[in-house]
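# Structural features, examined
Here is what each chain is made of, one letter per residue.
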Amino acid sequence: MLFPVLLLAQDATVAGTVRDDENKPLPDASIAVPGVASTASNASGGYTLTVPAGQAVTIRFAYPGAEMVERTVELAPGEKRLLDVVIRSTVIGAVTVTDDRLRDAGIDKLNARTSHFQPSLGDVNSLLQGSLGVMTRNELSSGYNVRGGNFDENLVYVNGIEVYRPFLVRSGQQEGLSFPNPDMIERIHFSAGGWEPRYGDKLSSVLDITYRRPREFDATVSASLLGGSVTIGSPMAGQRLRQITGFRYRTLSTILKGLDTQGDYIPRYTDLQSYWTYDLSDKVELGFLGLYSRNRYDVIPSDRETELGNFNQALRYTVYFEGQERTAYETVSGALSLNVRPNRNTVLRFTGSLFNTYETERMDILGEYRLGELDRNLASEQFGEVVRDLGIGAYLDHARNALEATVASGTHTGSWRHGNGSNLQWGIEVRGEDIRDRLGEWYMVDSAGYSIPQGNGDSLRLNSNVKSRIDLASVRSSAYVQNAWEWKTGPGRKWALVAGVRGQNWSYNGQTVISPRVRLAFHPGWRKVNAPGDTVPRDYSFWFATGYYFQPPFYRELRDSQGRINPDVRAQESIHFVLGMDRQFMLWERPFKFSTEAYYKALSHLNPYELDNVRIRYYARNNAKGYATGIDMKLNGEFIRGVESWASLSVMKTMEDLDGDFYYHYYNQYGERTDAEETIDRRAVDSVRVEAGYIPRPTDQRVNFALFFQDEMPRWPTFKVHVNLLFGTSLPYGPPNESRYGDTLRTSLYRRVDIGFSKQLLGAAGQEKTGFLRHVKDLWVSLEVFNLINLNNTVDYTWVQDVQGRYYGIPEFLTPRRINVKVLARF
């Protein structure tokens, strides 16, 4: 802010709307003067571009699956010119989806470019924090919860290929890089409920990502204290061959050193992805997407010190470690697709894909701990020091786990536009799965010289012991058909209906599930009359969606806490009821959108689970029913011209009722509860059975608020500030056992603020560049401060028993305040 503001030469402005050959607006079309300035069209196809004045400049308009359009203009200083452009479709592989069609289908469109400046670890999933119904509580993990669901209940597609999370992961820092590469993304679509039959079988959400087909050479290079990336895209062979390739490297050493557990952290995460498309003819396109990923996480812990409690009883938990942990995930994936467009109304797609992952976990860690009570007498010389030991012991954590999973699939999908605004879509898939799991882990606890639990005689009982060898091969077959209709009933007024059915069969348990789904949307076409002849459109949309959503079990849902496979586990079931609306409007001559949805999900045949950090431990039994209900709201728009911000608020409640989930209250001869603190006679003579009934699910976070705000200096637009704020209420938890009704405790609130400061060094409008710098489209340098307020957020608990048999939950905190410096260049 202390730098002087330099007045640049006057520029000119070009503005207008980009439309397709059906006269429908194209969102996210690229508009650029190569090497000078660039922008993208908004949700209504509108754009504004600042260009140099007093000279002829060529503006390029591009959109995936369409021909590039060039317009040459020469404007006087300060002149504003209207320039509308029509881009005609040419490529077979991409089907143009306008903003209205996305609204009718219940799809929220996200801007992938925001991830470049959002203060985070760089995953695309950080963009979901402001989406309807999304909850994130772990900055180290790419996992997210949607409307009461867990990590495994979310569908993720990249170019129509379903992708998977690691199977053996225990903590967020082990996950490494998520599959989607932000620099390669063209479009991100997300739905939190009531989605179409063309998307697969999960309970909570769908994330659909499409990679770019570059129409001109471009490159993105970034480097930071956390790693770096290089992405190169280019057309070849007269625009018939297109490729985009990205390499990423990440290390979280500087972040992990701030954890309570000190030691030598050696995380190394790398991946290489490449996407190629080739036009065999004007009607046939061949595509290939390949991935190689290797995530290594090694740690040699030395010690840990955590303070907890309150002023009345402050505790300190100290651990000294020996041993190490080594985790490795290696993934190879490839997909070959053939896209055929026999006519302008029909698109056929044939895809074959192969996914293989090999995961290993090697761990031997000895921890010798001490739980002490601190002196809180301000007048004492020992204030803040341990004055009484509550528990002393040790534990030994051992694991030798290995898992290999191979998934091969063949898919055909198609669409046919017919009639007046109708679109028929269909698809069929056959998927083979082969899982080979070698599980060998045990956990021993020694408290004050006694093993817990105590054995008989000379026998030694382990706290937990799991050893198994599992080979599981199966075939899944699925198909869907759906149709979309539109009826226009007046000026700007229309109805839209999407209805269809989906089915799936799994050979392992022989179950077939049928999922009918329907969605009805209404656009009233309201207008506000300011004066005779002066009307302003009020762009509202209302919708209702319902349908059956099944989640047939994958491997982890079949395996219980003892490592055994239960072949009788069936698909979990959810019936969605979603009522929503949105309004798109102009404020301060800039686009805004407000969205809200109220929902109810009736859950049955649930497979209960417990959360251990990010590891989900299933009971492998369909012995529960439940529900999730709430309301989500989101406001997003350009508070600053050309820069998107958002705020979202969610209120939610999710409960479940387990079969056979009961306990007893015991009473003495005087009718007093034997477990009451004031009871003297604790001899039980009577008991009463108590049914636990509905209890909160592990993801029962009642309130969630997310804010991402971007600002810039009024007279220095090349300097920007980005603030990311998250707030979430507490989650239920309890001791690690299968007595779910005992999970009555609540974690602390989740509160986190991240802030970033960015300065554009090259690429500003009107800035002259010479020599090599002429090839640099823009250059940014950023300073990021993670966890600005330095609050302790809890991700999990370690349970320790004192000498009186009382258990204490020791919180495991996430990362404290950390600083990152990043450089981003685009060519």
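The notes below deal with the structure included here. (Residues numbered from 1 in each chain as written. Predicted model: local features only at pLDDT ≥ 70, side-chain atom pairs only at ≥ 80, totals over all residues. Heavy atoms only, no water.)

The subject of this paragraph is the pairing of strand β48 (residues 818-826). Both strand β16 (residues 218-224) and β48 contribute to a ladder of five bridges, which runs antiparallel. What sits directly across from Ser-222, in β48, is Leu-824. In the sheet, strand β45 (residues 778-786) pairs with β48 via nine bridges, with the strands oriented antiparallel. By the bridge assignment for β48, Asp-778 is matched with Arg-826. (Pairing = 2+ DSSP bridges. Helix = DSSP H or I, 4+ residues; strand = E, 2+ residues; numbered from the N terminus.)

In this section: the sheet that holds strand β14 (residues 185-191). Across the sheet, which stays open at both edges, the five strands sit in the order β9-β14-β15-β12-β13 with mixed pairing between neighbours. Of all strands in the sheet, those bounded by a partner on one side alone are β9 (108-110) and β13 (161-162). Of the strand pairs in this sheet, strand β12 (residues 154-158) and β13 are connected by two bridges, and their pairing is antiparallel. Looking across to β13, one finds that Tyr-157 is bridged to Glu-162.

Under the counting rule described, the total for this entry stands at 30 aromatic pairs. Considering the side-chain rings of Trp-588 and Phe-592, the 5.9 Å spacing of their centres and the 80 degrees angle between planes classify their relative orientation as edge-to-face. Assessed through its relative accessible area of 4%, Phe-592 is described here as buried. Judged by centre distance (6.1 Å) and plane angle (15 degrees), the rings of Tyr-600 and Tyr-627 are stacked. Linking Tyr-600 in strand β32 (residues 590-606) with Tyr-627 in strand β35 (residues 624-640), this pair joins segments that are 27 residues apart in sequence. In this structure Tyr-627 comes out as buried when scored by relative accessible area, which is 19%. Through a chain of ring-to-ring contacts, the aromatic side chains of Phe-585, Trp-588, Phe-592, Phe-639 and Phe-709 assemble into a single cluster. Positioned over the ring face of Trp-646 is Lys-634, at 5.6 Å from the centre of the ring. Positioned above the aromatic ring of Phe-662, the side-chain terminus of Arg-689 is 3.6 Å from the ring centre. (Phe/Tyr/Trp six-rings, centres within 6.5 Å; stacked < 30°, edge-to-face > 60°. Buried < 20%, exposed > 50% of the residue type's maximum accessible area, 1.4 Å probe, protein only. Lys NZ or Arg CZ within 6 Å of the ring centre and 35° of its normal.)

The next subject is the pattern of salt bridges. In total, this model carries 48 salt bridges according to the counting rule given. Residues Arg-615 and Glu-441 are paired through a salt bridge, measuring 3.4 Å at the closest nitrogen-oxygen approach. With Arg-615 in strand β34 (residues 615-618) and Glu-441 in strand β24 (residues 422-447), the pair connects residues that are 174 residues apart, well separated along the chain. For Arg-615, a relative accessible area of 8% gives the class buried. The class of Glu-441 is buried, set by a relative accessible area of 11%. In this structure, the salt-bridge partner of Asp-612 is Arg-617, at a minimum N-O distance of 3.4 Å. A relative accessible area of 27% places Asp-612 in the partly exposed class. Residue classification places Arg-617 among the partly exposed positions, given a relative accessible area of 29%. Connected via shared salt-bridge partners are Glu-162, Glu-429, Arg-431, Glu-433 and Arg-476. (Salt bridge = Lys/Arg side-chain N within 4 Å of Asp/Glu carboxyl O.)

All right, on to the sheet that holds strand β5 (residues 56-62) then. If you trace the four strands from one edge of the open sheet to the other, you get β3-β2-β5-β6, paired in antiparallel fashion. Of all strands in the sheet, those with a lone pairing partner are β3 (37-40) and β6 (69-74), marking the two edges. Taken pair by pair, the neighbouring strands of this sheet meet at an average axis angle of 20 degrees, ignoring direction. By the bridge criterion, six bridges tie β5 to β6 in an arrangement that is antiparallel. Looking at β6, one finds that Arg-60 is bridged to Glu-70. (Axes fitted to C-alpha atoms, helices over the stretch in contact; angles between N-to-C directions.)

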